[in-house]
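Chain by chain, the residues:
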Amino acid sequence: MNFIENNEKYGIKYNLSKIRKLYNALEIPEEFNFVDFNRIEKNKYIIDLSERSIGKTNAYLLLGMCFNKLYNAKICYLRNDGDSIKASTISEIFNVIINYKDGLYIKKLTGGKYNTITYHWKAFYYAIAENDKIVEKALEPFMYLMDVNEHEIYKSSFNVSNADIIIFDEFISKYYKYNTCYMFLDLVKTIIRDRKSPYIFMLANNTNINSTWFEELTISKQIRHIKKGEQIDVVTERGTHFSVKLLENKSPTERKRHNNLFFGFNNPKLNAITGDGWSVEEVQHIYKDMEYEPISRLIFLRIAPNEFLSLQFAYYKDRKIMLVKRATKIKDDDIILTNSNIEEFKNCYYGLINDNFKKLVLKMIEQNNVYYSTNEVGADFKSYVKYATSYRPF
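Definitions and cut-offs
- Residues numbered from 1 in each chain as written.
- Predicted model: local features only at pLDDT ≥ 70, side-chain atom pairs only at ≥ 80, totals over all residues.
- Heavy atoms only, no water.
- Buried < 20%, exposed > 50% of the residue type's maximum accessible area, 1.4 Å probe, protein only.
- Helix = DSSP H or I, 4+ residues; strand = E, 2+ residues; numbered from the N terminus.
- Pairing = 2+ DSSP bridges.
- 1 Å grid on protein atoms, 1.4 Å probe; cavity = no way out; pocket = protein on both sides within 12 Å on 5 of 7 lines; lining within 4 Å.
- Points joined across faces, edges and corners; volume = space filled by probe spheres on them.
- Nonpolar A, V, L, I, M, F, W, Y, C, P; charged D, E, K, R; others polar.
- Axes fitted to C-alpha atoms, helices over the stretch in contact; angles between N-to-C directions.
- Parallel < 35°, antiparallel > 145°, perpendicular 65-115°, else oblique.
- Left-handed = near helix turned anticlockwise from the far one by under 90°.
- Contact = heavy atoms within 4.5 Å.
- Expected span 1.5 Å × (residues − 1).
- Arc of directions from axis to C-beta.

Engineer: Would you take a moment to explain the pairing of strand E9 (residues 231-235) for this structure?
Structural biologist: Remember that side chains alternate between the two faces of the sheet whenever the strand is regular. Judged by which residues are buried, E9 turns out to be one-sided: Ile232 and Val234 face inward and are buried, whereas Gln231, Asp233 and Val235, on the alternate face, are not. Across 5 bridges, the pairing between E9 and strand E10 (residues 241-246) is antiparallel. Paired with glutamine 231 across the strands is lysine 245, a residue of E10. The hairpin turn running from E9 into E10, its antiparallel successor, is 5 residues long, and glycine 239 in that turn takes a positive phi close to 100°.

Set out below in structure tokens:
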């Protein structure tokens with residue numbers, strides 16, 4: 001076994017050409033094969049976004065199983081919360097792989113020794129099934145299940161020296177929980193220890209273009225312009241390499257027919273389902289020649305580095321409303337709200353300032369008294385508010 005820098009402490013020196021050869025030998029149908037070894041060779045983090053149910057999770061599970069076959073590397077499968085890795089929720093994750101041509105992938109990767117995969121106590125094992133019953137399972141699991149929220153617990157309970165394949169599935173959830181990125185990276189540190197050998201794969205549906213994850217990854221601007229099939233390759237200031245790709249469905253004609261049959265509604269919220277782009281909610285617009293009377297100064301919301309929204313209260317038809325627009329110029333004495341660093345600006349407040357202002361903003365939203373310049377502005381604003389209202393300091 002070869003090690004990085006000839007030091008076992010740094011982990012296995014994987015021969016990616018050898019792994020590629022084994023992976024290709026599985027003959028995964030082209031429309032379900034999203035693994036790009038050129039990206040893996042150049043990056044430690046691979047981040048794939050796509051419409052739902054195109055098979056990206058299965059592709060990376062099979063990749064991890066190839067690492068396991070050749071090097072006995074273990075897979076750590078991460079989710080945002082414990083409910084997502086309960087037996088009742090997760091036990092069927094390998095069903096597609098198990099059922100494909102009567103367990104063909106499993107037989108190839110185990111030399112015919114096993115024909116199925118079974119779940120046992122937050123881990124998955126190769127096994128032998130006869131008459132739909134497990135009669136034997138491997139002594140060691142090839143994949144562990146982990147809850148990002150429990151990152152502190154694993155520090156004293158998890159120490160697997162060859163857990164080199166990390167798959168963080170559905171990492172973009174409906175609401176970004178405070179500090180999730182830190183908790184994820186803290187868990188990654190626990191898993192990898194001092195090794196340089198691991199690879200991290202982050203997978204999600206393209207449901208939220210305004211996810212705080214993109215700011216945490218410093219790609220919030222680029223992600224707004226990415227198109228299907230395109231990727232963003234990034235090297236951070238400190239030298240971390242990662243690649244983000246918006247996957248393109250490889251069976252577009254068949255998918256289009258299916259979408260037209262079931263989802264042919266003129267509703268941008270369905271984009272993440274149909275694969276036509278990011279899911280964008282239709283919001284109430286500020287329309288041309290709308291006559292309103294401003295009753296407050298402008299308040300600015302920092303939604304990303306050098307990107308702001310303006311918020312202003314006004315009277316319109318004898319009722320109080322709130323106007324939200326894209327802001328292009330910020331002055332030194334402007335009031336700025338942020339979900340990030342309040343030291344960044346002179347007159348800056350965290351979140352939604354205080355409970356009274358938070359209640360006022362939420363009330364305006366609930367009563368449909370907010371008007372937006374565009375749907376994208378509405379999505380940015382609602383994403384900011386969701387994060388600000390979910391923040392828990394302790």
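Engineer: Just to check I follow, could you spell out the layout of surface pockets for this structure?
Structural biologist: The probe, sized like a water molecule, is rolled over the atoms to show the empty space still left. Roughly 730 Å³ of volume is contained in the largest pocket. Together, 34 residues line the largest pocket, and Thr212, Trp213, Glu215, Glu216 and Leu217 are the ones closest to its centre. Breaking the lining of the largest pocket down by element, the ones donating at least two residues are strand E1 (45-50), helix H8 (180-192), helix H9 (212-216), strand E12 (299-304) and helix H14 (375-390). For the lining of the largest pocket, the leading source of residues is H9, giving 5 residues. Counted by class, the lining of the largest pocket contains 19 nonpolar, 10 polar and 5 charged residues.

Engineer: Is there a simple way to explain the packing of helix H13 (residues 355-366) against H14 in this structure?
Structural biologist: Helix-helix packing is characterised by the crossing angle of the two axes and by the distance between the axes. At a minimum axis distance of 12 Å, the contact between H13 and H14 shows a crossing angle of 135°. When the axes of H13 and H14 are compared, the pair comes out oblique. Here H13 and H14 pass one another in a crossing that is left-handed. Of the residues in H14, those touching H13 at Lys358, Val361, Leu362 and Ile365 are Phe381, Val385, Ala388 and Thr389.

Engineer: Is there a simple way to think about H13 in this case?
Structural biologist: The α-helix winds at 3.6 residues per turn, so residues separated by three or four positions along the chain end up facing the same way. Between its first and last C-alpha atoms H13 spans 16 Å; for 12 residues at 1.5 Å apiece the expected length is 16 Å, and the two agree. Within H13 the residues assigned to the buried category are Phe357, Val361 and Met364. One face of H13 carries all of its buried residues, which in axial projection span an arc of 60°. Looking at H13, the residues exposed on the side facing more than 90 degrees away from the buried face are Asp355, Asn356, Lys359 and Glu366.

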